[in-house]
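Notes for the structure review
Residue strings, one per chain:
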Amino acid sequence: MVETAQKKWYVLHTYSGYEDKVKSDLLSRAQSMGMQDYIFRVMVPEEEKVETVRGKKQEVEEKIFPGYVLVEMVMTDESWYVVRNTPNVTGFVGSHGGGSKPSPLYDDEIERILASQGQPAKEPKADYEVGETVTIIDGAFSGMSGKITEINPEKDKLYVSIDMFGRETNAELDYNQVKEFDQ
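Fair warning: this is a prediction, and the values are worked out from it, not measured in the lab.

Considerations on the pattern of salt bridges
- Per the counting criterion, the structure on display carries eight salt bridges.
- In this structure, Glu47 and Lys49 form a salt bridge, with 3.6 Å as the shortest nitrogen-oxygen distance.
- A residue is classified by how much of its surface remains accessible, and Lys49, at 33% relative accessible area, is partly exposed.
- Two residues, Lys157 and Glu172, come together in a salt bridge whose shortest N-O distance is 3.8 Å. Placement of Lys157 in strand E9 (residues 157–164) and of Glu172 in strand E10 (residues 167–174) is noted, with a sequence separation of 15 residues between them.
- Connected via shared salt-bridge partners are Asp20, Glu46 and Lys63.

Structure (structure tokens):
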């Protein structure tokens with residue numbers, strides 16, 4: 001498994017109009033070529049716009065960066081090759097040609113873009129275990145601690161048993177609402 005600290009976001013230049021095709025092709029290539037530990041998320045940022053067509057208002061999805069696709073990946077020679085040779089990809093933005101590795105996006109840039117798309121900048125840390133004690137740092141139970149009774153990684157949820165007024169109370173919390181218990 002690859003260390004996630006090496007994961008960075010890069011920008012791909014594509015033929016205009018092929019952004020969604022590049023996204024699906026890249027995800028399927030990562031799967032078929034065994035690159036899931038190097039190529040993670042692929043995104044085509046879009047926003048809703050209201051257009052008037054023949055006198056009727058319609059909501060349409062418009063690409064924020066036409067001709068560009070964002071990819072979260074660990075940059076190695078192999079992952080660079082798989083991404084660079086995906087059909088309709090013309091190259092990485094920030095690469096100086098001749099096989100040189102591109103520059104990743106700055107953290108504040110990608111955080112702003114991901115926030116505009118309603119996605120977390122970093123995938124939630126899920127190294128909690130059932131029975132572990134955690135401190136709640138957000139929400140109605142902030143400042144309290146409790147034991148994890150169940151973990152639902154598909155929904156990024158923890159179920160925590162909290163002692164309130166001598167009774168056990170169960171709370172459903174997001175990963176980012178708790179931290180490891182400090183003794």
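A closer look at the sheet that holds E10
- Spatial ordering of the open sheet is given by E10-E9-E8-E7-E11, a layout of five strands whose pairing is antiparallel. Each end of this open sheet is capped by a strand with a single partner; those strands are E10 and strand E11 (178–180). This sheet shows a mean twist of 45 degrees between the axes of neighbouring strands, independent of strand direction.
- The pairing of E9 with E10 spans eight bridges and is antiparallel. Its bridge partner being in E10, Ser161 is matched across the sheet by Asn170.

Some thoughts on the pairing of strand E3 (residues 46–53)
- Looking at chain direction, E3 and strand E4 (residues 56–63) are connected through eight bridges and run antiparallel. In the strand pairing of E4, Glu51 is matched with Gln58.
- Where E3 folds back onto E4 in an antiparallel hairpin, the turn is made up of two residues, including Arg54, whose phi is positive at roughly 50 degrees.

Topic: helix H1 (residues 19–32)
- With 14 residues, H1 ought to run about 20 Å at 1.5 Å a step, and its terminal C-alpha atoms sit 20 Å apart, in line with that.
- Within H1, burial applies to Glu19, Val22, Asp25, Leu26, Arg29 and Ala30. Take H1 and look down its axis: the buried residues cluster within an arc of 135 degrees, on one side only. Every exposed residue of H1 that faces more than 90 degrees away from the buried side is listed here: Gln31 and Ser32.
- If you follow the buried residues of H1, they end up packed against strand E1 (7–14), strand E2 (39–43), E4, strand E5 (68–74), helix H2 (77–84) and strand E6 (89–92).
- In the stretch just after H1, Gly34 is the one whose phi turns positive, near 70 degrees.

Criteria and cut-off values
- Residues numbered from 1 in each chain as written.
- Predicted model: local features only at pLDDT ≥ 70, side-chain atom pairs only at ≥ 80, totals over all residues.
- Heavy atoms only, no water.
- Salt bridge = Lys/Arg side-chain N within 4 Å of Asp/Glu carboxyl O.
- Buried < 20%, exposed > 50% of the residue type's maximum accessible area, 1.4 Å probe, protein only.
- Helix = DSSP H or I, 4+ residues; strand = E, 2+ residues; numbered from the N terminus.
- Pairing = 2+ DSSP bridges.
- Axes fitted to C-alpha atoms, helices over the stretch in contact; angles between N-to-C directions.
- Expected span 1.5 Å × (residues − 1).
- Arc of directions from axis to C-beta.
- Contact = heavy atoms within 4.5 Å.

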